[in-house]
Amino acid sequence: MGFSIDVGIWQGVMRRFIIHAGFHKTATSTVQKTLEAHQDVLSPFVQLIPRKKLKPTRKSAQIFSVKHDPVELGILQAMFVEVLSELKPDDPRPVLMSSEDFAGYLIGRHGIKDYRAAPAIAAALKETLELVFGDKFDLVLYYSTRNEGWLDSCHWQLIKNSDKQITLEAFRKRYANAADFAPIISQVKAAIEPSQVISAAIEDHAGTLGPLQPLLDLCGLPENVQSKITLARPQNVSGSDTLREELLALSETDKDGLVARKGLTRARRTLIRQSKKR
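Residues numbered from 1 in each chain as written. Predicted model: local features only at pLDDT ≥ 70, side-chain atom pairs only at ≥ 80, totals over all residues. Heavy atoms only, no water.

> Go over the sheet that holds strand β3 (residues 95–98) with me, naming the residues and quoting the values.
As summarised here, the arrangement of the 5 strands in space is β2-β3-β1-β4-β5, forming an open sheet in which the pairing is parallel. Two strands lie at the open edges of the sheet, namely β2 (47–49) and β5 (196–201), each paired on one side alone. Going from strand to strand, the sheet's axes swing by 20° on average, the running direction of each strand aside. Bridge count between strand β1 (residues 15–20) and β3: 4 bridges; the pairing is parallel. In the strand pairing of β3, Ile19 is matched with Met97. On top of the sheet, helix α5 (residues 118–133) reaches β1 and β4 (137–145); it is set at about 160° to β4, its chief contact. (Pairing = 2+ DSSP bridges. Helix = DSSP H or I, 4+ residues; strand = E, 2+ residues; numbered from the N terminus. Axes fitted to C-alpha atoms, helices over the stretch in contact; angles between N-to-C directions. Contact = heavy atoms within 4.5 Å.)

This is how it looks when you write it as structure tokens:
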């Protein structure tokens, strides 16, 4: 798919890849922040690829989710090869990476209605691993899901960071199908078989490490090492119903687009900051 990528033949050891590829608003930021804060604990056992290093790859995935252009998948693969080229041939540690952007853009942004791009993105990631490693790799894709409040959380993320003018009720109705993750996960399984695809709702992991637990288990991290990890506080928590209404009202006052975007951004941040003092 995309365009031809010239890579050499991998002469190193077998590598295991665990990719946390979505979905948005399922504690992914909390997971990523925790992982990156504990690299010293993880590094003897797991090679973590920080989200920042994945930026060109995940941005290409986002663009593909809008355009559905095979060329964008080719760009994604080229960017992913750059990431993989830094792996050392004699390093046997599993490789862990986490980015919800591997499922595409958040619903509601850039006309995205669901995660239909996720299977093609997953297939492109696997094909790139095949190009680089031949048969010397094992891939596990992990998707975190959410049983309760997911659409509400997506709506909050959208209105907090953009001038979208859509009520929570309308958002729930418009994107109801996107909250059904099962069909997309089934399509991902078909796209990358026989590689493993695992999914779990964040509500199913209420222990000390919460949504991070499945990833650590997939990495084979010993329990005595896991005990040294402290889960970061929840990130990007939704605001109150009152604040949600205030943000929508703010966007409504500029429905003709007369206020500069930076001005609206500052106004939104001020509202959010003030709400924390109430």
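> Describe the layout of surface pockets, naming the residues involved and giving the relevant values.
One simple way to see leftover space: roll a probe sized like a water molecule over the atoms. Put simply, the largest pocket is a space of about 740 Å³. Every residue lining the largest pocket is counted, 31 residues in all, and those nearest its centre are Lys25, Ser29, Glu100, Gln157 and Asn236. Mapped by element, the contributors of at least two residues to the lining of the largest pocket are α1 (28–37), α3 (55–67) and α6 (150–161). Of the residues belonging to the lining of the largest pocket, the class tally is 8 nonpolar, 15 polar and 8 charged. (1 Å grid on protein atoms, 1.4 Å probe; cavity = no way out; pocket = protein on both sides within 12 Å on 5 of 7 lines; lining within 4 Å. Points joined across faces, edges and corners; volume = space filled by probe spheres on them. Nonpolar A, V, L, I, M, F, W, Y, C, P; charged D, E, K, R; others polar.)

> Which residues make up unusual backbone geometry, and what values go with them?
In the segment running from Gly22 into Phe23, the intervening peptide bond is cis, with an omega of 0°. Of note, Phe23 is situated in the loop between β1 and α1. The phi dihedral of Lys25 falls on the positive side, at around 60°, and the residue is not glycine. Mapping Lys25 onto the fold places it in the loop between β1 and α1. We classify Lys25 as buried; its relative accessible area is 12%. If you check the backbone angles, His68 has positive phi at about 50° while not being a glycine. The topology assignment puts His68 in the loop between α3 and α4 (70–84). We classify His68 as partly exposed; its relative accessible area is 38%. (Buried < 20%, exposed > 50% of the residue type's maximum accessible area, 1.4 Å probe, protein only.)

> Before we move on, could you go through the environment of Ser162 and cite the residues and values that matter?
Relative to the helices and strands, Ser162 is located in the loop between α6 and α7 (168–174). Taking the C-alpha atoms as reference, Ser162 lies 9.7 Å from Leu247; in sequence the two are 85 residues apart.

> Tell me what's going on with empty space enclosed by the protein, and back it up with residues and numbers.
Scanning the entire structure with this criterion turns up 1 cavity of 30 Å³ or more. Space inside the largest cavity adds up to approximately 40 Å³. Forming the boundary of the largest cavity are Gln32, Leu35, Glu36, Leu48, Ile49, Pro50, Arg51 and Ser98. The element contributing the most residues to the lining of the largest cavity is α1, with 3 residues. Looking at the lining of the largest cavity residue by residue, the classes come out as 4 nonpolar, 2 polar and 2 charged.

> Now, about α5: what can you tell me, with residues and values included?
Helix length check: α5 (16 residues) gives 22 Å between terminal C-alpha atoms against 22 Å at 1.5 Å per residue, within 8%. Burial analysis of α5 places 12 of its 16 residues in the buried class, the great majority of the element. Residues of α5 that are buried in the fold lie against β1, α3, α4, β4 and α8 (182–192). Gly134 occupies a position one or two residues after α5 and carries a positive phi of about 60°. (Expected span 1.5 Å × (residues − 1).)

> Residues and numbers for the nonpolar core, please.
Within the largest apolar cluster, 52 residues are counted, with the highest numbers of intra-cluster contacts made by Phe17, Ile19, Ile107, Tyr115, Phe133, Leu141 and Tyr143. Where this core is concerned, the elements lending two or more residues are β1, α3, α4, β3, α5, β4, α6 and α8. Top contributing element to this core by residue count: α5, with 8 residues. Ignoring anything within four residues of it in the chain, the contact list for Phe133 reads Trp10, Arg15, Phe17, Leu84 and Leu87. By size, the runner-up hydrophobic cluster in this structure holds 20 residues, among which are Tyr142, Leu212, Leu215 and Leu221. (Core = buried A, V, L, I, M, F, W, Y, C linked by side-chain atoms within 4.5 Å.)

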